[in-house]
Amino acid sequence: MTDDMTDGAASDARLFFPATARNREPILDVLRRHLPERGLVLEIASGSGEHVVHFAQAFPDLVFQPSDLDARHRASIDAWVAATGLGNVRPAIALDAAAEAWPEIGPEIGPVGSAQAILCINMIHIAPWAAGVGLVRGAGRILTPGGVLVLYGPYKRGGQHTAPSNEAFDQNLKAQDPAWGVRDLETVAGLAAACGFSAPVIIEMPANNLSLVFTKAV
């Protein structure tokens, strides 16, 4: 079954997303193989902030820039960072992936407004397709040559769902908003290719999810 989106809350601003506890270690295993040693990692749609603090603890030489459109989520992200005392996570920013221009970030390595990696977990199926298009195009604009775009979530392959639970999840998403839904891996890969990325490294993940790792051409 795919990850759910249920959340709980602490006595402060921190939110708790149950899916994070289940998927953060498998995602971290992927990141250990593909993130650079140093530089800036921009996370799109950071949600509660539980992922970014977990990853930042594992990569002390990287700087993480979380982002989210939801003010409640941004407050949760900053509260998680404060609670963990991490010095390599910047304050959360509002970023609309579908926008033509993103807020200025960086630099850690390279020019202002650049990043060495972009991470997006469980967003493009819980957003209009325009957000997915904007995400990939934005990544093409700001990633430095050789930078990586890492996506995680459920995908269709060859136009078909990879499990009955993913099909049910897709139907549930579309019932909530017809603009949402599980995307075709080939469509995402084609968009990425048009934006200067390699074919993805495809990694099978628990709960019928996939990690896709795209590398920007050097």
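Scroll up a little and you will see the structure.
What counts, and at which threshold
- Every chain is numbered independently, its residues counted from 1 as its sequence is written.
- Local features in a predicted model are, by the rule used here, given only for residues with pLDDT of at least 70; side-chain atom pairs are given and counted only at 80 or more, and totals for whole chains, interfaces and linings are based on all residues.
- Computation of side-chain values covers all heavy atoms of the structure but excludes hydrogens and water.
- Only protein chains enter the accessibility calculation, which uses a 1.4 Å probe; a residue whose area is less than 20% of its type maximum is buried, one above 50% is exposed, and one in between is partly exposed.
- Helix numbering and strand numbering both begin at the N terminus, where a helix is a DSSP run of H or I of at least 4 residues and a strand a DSSP run of E of at least 2.
- Picture the helix axis, draw a direction to every C-beta atom, and the arc is the one those directions span.
- The contact criterion used is simple: two residues touch if any of their non-hydrogen atoms lie within 4.5 Å.
- At least two DSSP bridges between two strands are needed for those strands to be called paired.
- The definition of a right-handed crossover adopted here requires that, viewed with the strands pointing away, the path from the first strand over the helix to the second runs clockwise.
- Note on geometry: axes are C-alpha line fits, over the in-contact stretch for helices, and angles between N-to-C directions span 0 to 180 degrees.
- Crossings are assigned a handedness: left-handed for a near helix turned anticlockwise from the far helix by less than a right angle, right-handed for a clockwise turn.
- Following the grouping adopted for this structure description, the nonpolar residues are Ala, Val, Leu, Ile, Met, Phe, Trp, Tyr, Cys and Pro, the charged ones are Asp, Glu, Lys and Arg, and the polar ones are all others, Gly among them.

Re helix 6 (residues 185–194)
Every buried residue of helix 6 is listed here: L185, V188, A189, L191 and A192. End-on, the buried residues of helix 6 take up no more than an arc of 160°, which puts them together on one face. Tucked into the core, helix 6 has its buried residues touching helix 4 (129–142), strand 6 (143–153), strand 7 (155–156), strand 8 (183–184), strand 9 (201–205) and strand 10 (209–215). One or two residues past the end of helix 6 sits G196, with phi positive at roughly 90°.

Comments concerning the pairing of strand 6
In terms of residue burial, strand 6 counts as a mostly covered element, since nine of its eleven residues are buried. Bridge count for strand 5 (residues 115–121) against strand 6 is six bridges, and the pairing is parallel. Residue pairing for strand 6: I121 is matched across the bridge by Y152. Viewed along the sheet, the connection from strand 5 through helix 4 into strand 6 turns out right-handed. By the bridge criterion, six bridges tie strand 6 to strand 10 in an arrangement that is antiparallel. Along strand 10, the bridge assignment pairs Y152 with S211.

A word on the packing of helix 4 against helix 6
Where helix 4 meets helix 6, the closest approach of the two axes is 9 Å, and the angle between their N-to-C directions is 40°. Crossing of helix 4 over helix 6 shows right-handed handedness. Contact residues: helix 4 offers W129, G132, V133, V136 and R137, while helix 6 offers T187, V188, L191 and A192. The residue makeup of the contact of helix 4 with helix 6, split by class, is six nonpolar, two polar and one charged.

A few points about the sheet that holds strand 10
Ordered in space as 4-3-5-6-10-9, the six strands form an open sheet in which the pairing is mixed. At either margin of the open sheet sits one strand with a lone partner, and together these are strand 4 (62–66) and strand 9. Taken over all neighbouring pairs, the strand axes of this sheet differ in orientation by 20° on average, direction set aside. The sheet contact formed by strand 3 (residues 39–44) and strand 5 spans four bridges and is parallel.

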